[in-house]
2 protein chains.
Amino acid sequence: MTALYDVAAIGNAIVDVIAQCDDAFLAREGLVKGSMALIDPARASSLYDAMSAGIEASGGSAANTAAGVASFGGKVAFIGKVADDQLGHVFRHDMTAIGCVFTTPSLAEGPATAQSLINVTPDAQRTMSTYLGACVELTPDDVDPAIIEAAQVAYLEGYLFDPPEARRAFAKAAALSHGAGRKISMTLSDSFMVDRHRSALLGFIETQCDIVFANESEVCSLFETTDFAAAVQALADRCEIAAVTRSEKGSVVAASGQLHEISAYPVEKVVDTTGAGDQYAAGFLYGLTQGRPLPVCGQLGSLAAAEVIDHYGPRPQVNLRELAAKYGL
Amino acid sequence: MTALYDVAAIGNAIVDVIAQCDDAFLAREGLVKGSMALIDPARASSLYDAMSAGIEASGGSAANTAAGVASFGGKVAFIGKVADDQLGHVFRHDMTAIGCVFTTPSLAEGPATAQSLINVTPDAQRTMSTYLGACVELTPDDVDPAIIEAAQVAYLEGYLFDPPEARRAFAKAAALSHGAGRKISMTLSDSFMVDRHRSALLGFIETQCDIVFANESEVCSLFETTDFAAAVQALADRCEIAAVTRSEKGSVVAASGQLHEISAYPVEKVVDTTGAGDQYAAGFLYGLTQGRPLPVCGQLGSLAAAEVIDHYGPRPQVNLRELAAKYGL
């Protein structure tokens, strides 16, 4: 069957609140730089009160990736849970406006739309404190077979391992996708998430995942090692394609016994690294679903990541298809 | 009495939704480039549906100016009306986080927090469609004498001439401010607003305003002329200080029979002109309340305007006090 979608992403439907801070702020608030911590509404309120003025932008890891793929010109669908409130409306608008099919019903009653309070330090690192809100109400029923079975690749964010119902939704999607002869990809999302769910994650990767995205600290956390090359090899042994990002050092793609090293694109001034990994995955998956060679997939990922880190916000501000053309990709 | 505040701003409390569009979009939606049009909820909904994905940022003309003054290190207060909803919460947070005193109670029932749907074309021009929502419920009761009388300068946005109750609040503020021996400043905001309320505006300027901000098209609209120099002179004849901006041509400041021409600061790439006039007023008023000479006030205005147009969003992304120091101001 021809795929209606290049990528169907399943993830937390989150609106980001992005503000600048200094390192002392992170220390004062007990935040670990570069990490994602889950917080409850009371903590969200007190942390927000302490934060500087910000901007709001639709986020969510897999949703950001879907937005990136759409910006390249790919066909995308998204599954995730917002509430029927102002921020939920914003999130839905932003997905729909990029041409993404997003039919998951909003939560009529219960928690508010998820927010991630993102503090960006002068070194452009982002530290996320996420109130999952309506996201915890994503259930297997929300995983529409008509969408998953019609997508070349289903893309799952590792953050979904935290809410129990979402993890079941995750498993359902994997079964549906493979049942339809499609591919499953996932991102490890966060080294602390990896630490919380290591054995379950390893099991899922070994039995279900074709393509796995990670960054350096995540892949090292997964295999409890500081040896990067060994960790990449261990991951590559467990799936078809392992794509591991290393910030300004670029990325490595391991597949079929081969290792491809891909450079990062130079960025004049890195402003906010939020969404870098998400956009790398977007470029990579777009390339892959268009049948491009793996090194080109990696370059498309690097290019999309370079674009997103030169401004605040986790999604592209330029048309990535045109940007790729400009760079001869 | 020593002033507790350098500037007390009264304005519409608005959250901006900023999205990119092309000129064809403006034509299709019947929008006049560079203008501000008032819209009702139904139109807001249909226009938003048609817009591309955006970001949200606290806006509102006078509120943006207050944010700019605060970024320079000035002491500011703001009076404006939000609803008790998610976007109202965002607006209040963003004002409070910059150190602005903002005590106007939220509207418990009634319309939602105001939103301005801002479409930015590739030439960086912003076209605004504003649903005033809770702003129309700003009344004279919200104008706290303790704030207005304690501010060196009360700053009023011309947009407040549209909602009738807000216009009465405006008049109350002017009376309080002058009664306390303070200064009144206002911005003309928009050439269509000027056109709608020309005679009332002229009367208000002649009898109440010490400092008036305008751009080229607004001052020309006010005096129904295409002769810029004549319009500036006509404005200067009616108030103490007339500060008129001219985009990349800089600004002119007319006062005490003297005309100061001030250059614009060069900007590498103009991204979004939203807030340029607001930030010019911020720099100017900050300088003025610190007792700086008028040409320096104009330069501070130019610098703040240059900062805000190199990124999306109507408020500074860097500390303007540090930026001014870097430029020897």
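Whatever comes next refers back to the structure up there.
All values reported here derive from a predicted model rather than from experimental measurement.

Enquirer: Explain the pairing of strand β9 (residues 183-187) of chain A here, please?
Expert: Looking along a regular strand, one sees the side chains alternate between the two faces of the sheet. Residue and element names in this part refer to chain A. Of all 5 residues making up β9, 5 are buried, and the element is well covered by its neighbours. By the alternation rule, side chains of β9 split into Lys183, Ser185 and Thr187 and Ile184 and Met186, which are all buried. Alignment of strand β8 (residues 151-157) against β9, held across 5 bridges, turns out to be parallel. Along β9, the bridge assignment pairs glutamate 157 with threonine 187. Considered for its hand, the β-α-β crossover made up of β8, helix α6 (residues 164-179) and β9 is right-handed.

Enquirer: So what exactly am I meant to see when it comes to the packing of helix α11 (residues 276-289) of chain A against helix α12 (residues 294-308) of chain A here?
Expert: All names here are of chain A. Contact geometry for α11 and α12: axes closest at 7 Å, N-to-C directions at 145°. Classified by chirality, the crossing of α12 by α11 is right-handed. In contact with Ala276, Gln279, Tyr280, Ala281, Ala282, Gly283, Phe284, Tyr286, Gly287 and Leu288 of α11, α12 contributes Val296, Cys297, Gly298, Leu300, Gly301, Ser302, Leu303, Ala304, Ala305, Glu307 and Val308. Its residues assigned to classes, the contact of α11 with α12 shows 14 nonpolar, 6 polar and 1 charged.

Enquirer: How should the sheet that holds strand β12 (residues 251-255) of chain B be read in this particular structure?
Expert: Residues and elements named next belong to chain B. Overall, mixed pairing links the 8 strands, which are arranged β5-β1-β8-β9-β10-β11-β12-β13 in an open sheet. In this open sheet, the two edge strands, each paired with only one partner strand, are β5 (76-79) and β13 (258-262). Each adjacent strand pair in this sheet contributes to an overall mean axis angle of 15°, direction not counted. Strand direction decides the pairing type here: strand β9 (residues 183-187) and strand β10 (residues 211-215), joined by 3 bridges, are parallel. Of the residues in β10, the one forming a bridge with methionine 186 is valine 212. Against the sheet, helix α10 (residues 228-236) makes contact with β10, β11 (241-245) and β12, and its axis sits at roughly 150° relative to β11, the strand it touches most.

Enquirer: Explain the relation of the copies chain B and chain A to me, please; I cannot follow it from the model alone.
Expert: One copy of the chain maps onto the other through a rotation about an axis plus a displacement along that axis. It takes a turn of 180° to lay chain B on chain A, together with a shift of 0.0 Å along the axis; the resulting RMSD is 0.0 Å. Such a combination of turn and shift is consistent with a two-fold rotation axis. Of the C-alpha atoms belonging to chain B, the one lying closest to the rotation axis is found on Glu56(B), 2.4 Å away. Counting the interface residues of chain B, we find that 100% of their copies in chain A are interface residues as well, pointing to one common contact surface.

Enquirer: What should I look at first to understand the interface of chain B and chain A in this one?
Expert: By a widespread convention, an interface's size corresponds to the accessible area lost as its parts come together. Contact with chain B, which involves 18 residues of that partner, is made by 18 residues of chain A. Looking at the side of chain B that touches chain A element by element, the count peaks at 6 residues for helix α4 (residues 86-97) of chain B. Of the residues assigned to the side of chain B that touches chain A, the class counts are 9 nonpolar, 6 polar and 3 charged.

Enquirer: I would appreciate a short explanation of the environment of Phe78(A) in the present structure.
Expert: All names here are of chain A. Mapped onto the elements of the fold, phenylalanine 78 is located in strand β5 (residues 76-79). We classify phenylalanine 78 as buried; it has 30 C-beta atoms within 10 Å. Sequence spacing of phenylalanine 78 and alanine 9 is 69 residues, and the spatial spacing of their C-alpha atoms is 4.8 Å. Setting aside residues no more than four positions away along its own chain, phenylalanine 78 makes contact with Ala9, Ala63, Ala66, Met95, Cys100 and Phe102.

Enquirer: Before we go on, may I ask you to explain the sheet that holds β8(A) in this structure?
Expert: Sheet strands pair by backbone hydrogen bonding; their relative direction is either parallel or antiparallel. Residue and element names in this part refer to chain A. Read from one edge to the other, the open sheet built from 8 strands follows the order β5-β1-β8-β9-β10-β11-β12-β13, with strand pairing classed as mixed. Each having just a single partner strand, β5 and β13 (258-262) make up the two edges of the open sheet. On average, each strand axis in the sheet is tilted by 15° relative to the strand beside it, whichever way the strands run. Alignment of strand β11 (residues 241-245) against strand β12 (residues 251-255), held across 5 bridges, turns out to be antiparallel. Each bridged residue has a counterpart across the sheet, and for valine 244 the counterpart in β12 is valine 252.

Enquirer: What exactly am I supposed to notice about helix α8 (residues 198-208) of chain B here?
Expert: Each α-helix turn comprises 3.6 residues. Residues three or four places apart therefore point the same way. Residue and element names in this part refer to chain B. Leu201, Phe204 and Ile205 are the residues of α8 that are buried. For α8, the angular spread of buried residues about the axis comes to 100°, placing them on one side. The exposed residues of α8 that point more than 90 degrees off its buried face are Ser199, Gly203, Glu206 and Thr207. For α8, the secondary structure elements touched by its buried residues are α7 (191-196), β10 and α9 (216-222).

Enquirer: Help me out: how do you make sense of helix α12 (residues 294-308) of chain B in this one?
Expert: Residue and element names in this part refer to chain B. In a regular helix each residue adds 1.5 Å, so 15 residues correspond to 21 Å; α12 covers 21 Å between its end C-alpha atoms and thus fits that length. α12 sits mainly inside the fold: 12 of its 15 residues count as buried. Three or more residues of α12 are buried, namely Cys297, Gly298, Gln299, Leu300, Gly301, Ser302, Leu303, Ala304, Ala305, Ala306, Glu307 and Val308. In this structure, the buried residues of α12 make contact with α3 (61-72), β11, β12, β13, α11 (276-289) and α13 (320-326).

The rules behind the values
Residues numbered from 1 in each chain as written. Chains lettered and ligands numbered in written order. Predicted model: local features only at pLDDT ≥ 70, side-chain atom pairs only at ≥ 80, totals over all residues. Buried ≥ 20, exposed ≤ 12 C-beta atoms within 10 Å, placed from the backbone. Helix = DSSP H or I, 4+ residues; strand = E, 2+ residues; numbered from the N terminus. Pairing = 2+ DSSP bridges. Right-handed = clockwise from strand over helix to strand, strands pointing away. Axes fitted to C-alpha atoms, helices over the stretch in contact; angles between N-to-C directions. Left-handed = near helix turned anticlockwise from the far one by under 90°. Contact = placed C-beta atoms within 7 Å. Nonpolar A, V, L, I, M, F, W, Y, C, P; charged D, E, K, R; others polar. Least-squares fit on C-alpha atoms with pLDDT ≥ 70 in both. Arc of directions from axis to C-beta. Expected span 1.5 Å × (residues − 1).

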